[in-house]
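# Structural overview
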Amino acid sequence: MMDAEAIRRSLEGGGLRCTPQRYAVMAFLMTYNGHPTAAEIYKAVNRVDPRSSRATTYNNLRDLVRAGLVREVAVEGRAARFDAKGVRHHHFICDRCGDVEDMAWYDVPRPALATLGKRVLRECELIFRGLCTQCAPRRVSRPASKPRPY
């Protein structure tokens, strides 16, 4: 877990002032074990400091993402989720419940320069999609059925 000084240094290293509200958002993300939505982050930060507005929380999230300190994980048809970048990892998103899980990191081959054209690649990550362990169909062993008469 990051201490207060480390959070302050990470904010300043990302070119951001360490405001109390921004610190609260970053501290929450560093300690939260999961991928909260902006609304969940706002509720948690607001419980600690009721003066923090929804707009300020959302603006701080945007700034943290732009500074590269927080990753926004887009979940189609659902609210985006946020993840403090610490240890590099990929994500698995469940098609049914929308749950976002961390997946172990492995290096993804960079695309050939010719395919990028004039684009400048910052990073490459994988998002796996499918059914999580809770939503995946379970194999149910059924008793052998009697042969059907013709």
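Residues numbered from 1 in each chain as written. Predicted model: local features only at pLDDT ≥ 70, side-chain atom pairs only at ≥ 80, totals over all residues. Heavy atoms only, no water.

Moving on to the layout of surface pockets. Estimated volume of the second largest pocket: approximately 190 Å³. If you trace the second largest pocket, you find it lined by Val65, Arg66, Ala67, Gly68, Val70, Arg71, Glu72, Lys85, Arg122 and Glu123. Considering only residue class, the lining of the second largest pocket consists of three nonpolar, one polar and six charged. (1 Å grid on protein atoms, 1.4 Å probe; cavity = no way out; pocket = protein on both sides within 12 Å on 5 of 7 lines; lining within 4 Å. Points joined across faces, edges and corners; volume = space filled by probe spheres on them. Nonpolar A, V, L, I, M, F, W, Y, C, P; charged D, E, K, R; others polar.)

Along any regular strand the residues' side chains alternate between the sheet's two faces. Pairing analysis gives four bridges linking strand β3 (residues 90-94) to strand β4 (residues 100-103), with the strands arranged antiparallel. Across the sheet, the residue bridging to His90 is Met103, located in β4. Hairpin connection between β3 and β4: a loop of five residues separates the two successive antiparallel strands, and Gly98 in this loop has a positive phi of roughly 80 degrees. (Pairing = 2+ DSSP bridges. Helix = DSSP H or I, 4+ residues; strand = E, 2+ residues; numbered from the N terminus.)

Enumeration over the complete set of coordinates arrives at one aromatic pair. Note on Phe28 and Tyr32: the rings are 5.0 Å apart at their centroids and 40 degrees apart in plane angle, and the pair reads as tilted. Note on Phe28: relative accessible area 18%, which makes it buried. (Phe/Tyr/Trp six-rings, centres within 6.5 Å; stacked < 30°, edge-to-face > 60°. Buried < 20%, exposed > 50% of the residue type's maximum accessible area, 1.4 Å probe, protein only.)

Glancing now at the environment of Val73. Along the chain, the position of Val73 falls in strand β1 (residues 70-73). Each C-alpha atom, one on Val73 and one on Cys94, is 13 Å from the other, the two residues being 21 residues apart in sequence. For Val73, the residues in contact, after removing those within four places along its chain, are Ala80, Arg81, His91, Ile93 and Val100. (Contact = heavy atoms within 4.5 Å.)

Once that is clear, we can look at the sheet that holds strand β5 (residues 127-130). Taken in spatial order, the three strands of this open sheet run β4-β3-β5, and their pairing is mixed. Of all strands in the sheet, those bounded by a partner on one side alone are β4 and β5. Between one strand axis and the next, the sheet turns by 25 degrees as a mean value, whatever way the strands run. (Axes fitted to C-alpha atoms, helices over the stretch in contact; angles between N-to-C directions.)

For helix α4 (residues 54-66), which comprises 13 residues, the first-to-last C-alpha distance of 18 Å matches the rise-based estimate of 18 Å (1.5 Å per residue) to within 8%. A positive backbone phi angle near 80 degrees is found at Gly68, which sits one or two residues after α4. (Expected span 1.5 Å × (residues − 1).)

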